[in-house]
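Descriptive analysis of the structure
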Amino acid sequence: MWGRNHVTAPGEIHNLNGYTLESTLNFLDKNYAYTRLEWADKDDLLRPADRTLLGIKTDHPSFRIGAYTFGGVRDIWNTDKISLGIGSDLTFYTKPAILDRIYGTNPLSWKLFFRIRPGKMDMSSMHGTHGNMSGESKPPNP
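Here's a quick rundown of the structure. No experiment lies behind these values; they were computed from the predicted model shown.

Basis of the calculations
Residues numbered from 1 in each chain as written. Predicted model: local features only at pLDDT ≥ 70, side-chain atom pairs only at ≥ 80, totals over all residues. Heavy atoms only, no water. Patch = residues over 30% accessible without salt bridge, like charges linked within 9 Å, V, L, I, M, F, W, Y side chains within 5 Å. Areas by Shrake-Rupley, 256 points an atom, 1.4 Å probe, with all protein chains shown as cover. Salt bridge = Lys/Arg side-chain N within 4 Å of Asp/Glu carboxyl O. Helix = DSSP H or I, 4+ residues; strand = E, 2+ residues; numbered from the N terminus. Pairing = 2+ DSSP bridges. Axes fitted to C-alpha atoms, helices over the stretch in contact; angles between N-to-C directions. Contact = heavy atoms within 4.5 Å. Polar contact = N/O pair within 3.5 Å; in protein donor to acceptor, adjacent residues only side chain to side chain. Core = buried A, V, L, I, M, F, W, Y, C linked by side-chain atoms within 4.5 Å. Buried < 20%, exposed > 50% of the residue type's maximum accessible area, 1.4 Å probe, protein only.

**A short note on a nonpolar patch on the surface**
On the surface, a cluster of nonpolar side chains totalling about 820 Å² of accessible area is made up of Ile76, Trp77, Ile86, Trp110, Leu112, Phe114 and Ile116. Listed by contribution, the elements that provide at least two residues to the nonpolar patch are strand E4 (63–78) and strand E6 (108–118). Broken down by element, the residue count for the nonpolar patch peaks at four residues, all from E6. Within the fold, isoleucine 76 resides in strand E4.

Listed below in structure tokens is the structure:
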């Protein structure tokens, strides 16, 4: 995915881009491995005191920030209506070295979570009407 914020302010016009790539792999029916890779241009990371500390003179300096998440979830209870799972992920971040004094040299985050979502759809009931646009039911083939 790609997105853009077009910023206009008195005396300045610039674009802040963001990119995301994500994927999920379901294996052994109840297990999911996923990743999310993000890059975003940010111009609102620093307070005036932070800019002074870093020796930055501009009001809204822009930085490219990266976030790389890797995680997994296991379904622990499923019905036809609801699925409950427990999971965890780890995110590594990249940023320009000038921000090290505020964000550290190797920022990362970890989370443990509980997931609630709708149950899996049963598509088998739709099989008998596939290609039959009239809505009439047909007897099964012998």
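**Description of the sheet that holds E4**
Through backbone hydrogen bonds, the strands of a sheet pair up, either in parallel or in antiparallel fashion. Read across the sheet, six strands follow the order E1-E2-E3-E4-E5-E6 without closing on themselves; strand pairing throughout is antiparallel. Each having just a single partner strand, strand E1 (2–9) and E6 make up the two edges of the open sheet. The mean inter-strand angle of the sheet, taken between neighbouring strand axes irrespective of direction, is 20°. Here 12 bridges tie strand E3 (residues 31–42) to E4, and the two strands are oriented antiparallel to one another. Pairing of tyrosine 34 across the sheet is with glycine 71, part of E4.

**Some points on the environment of histidine 6**
Position of histidine 6 relative to the elements: it lies in strand E1. Considering only alpha carbons, one finds histidine 6 and asparagine 17, 11 residues apart in sequence, at a separation of 8.7 Å. Each residue touching histidine 6, except ones within four places of it in the same chain, is listed here: Ile13, His14 and Asn15. A polar atom in the side chain of histidine 6 sits 2.6 Å from the side chain of asparagine 15.

**A word on the nonpolar core**
If you look at the biggest cluster of nonpolar residues, it comprises six residues: Leu46, Leu54, Ile56, Phe63, Ile65 and Leu99. Other than its neighbours up to four places away in sequence, leucine 99 contacts Leu45, Leu46, Leu54, Phe63, Ile65 and Gly104.

**Some details on the environment of methionine 121**
Structurally, the position occupied by methionine 121 is in the segment after E6. Separated by 40 residues in sequence, methionine 121 and lysine 81 place their C-alpha atoms 8.7 Å apart.

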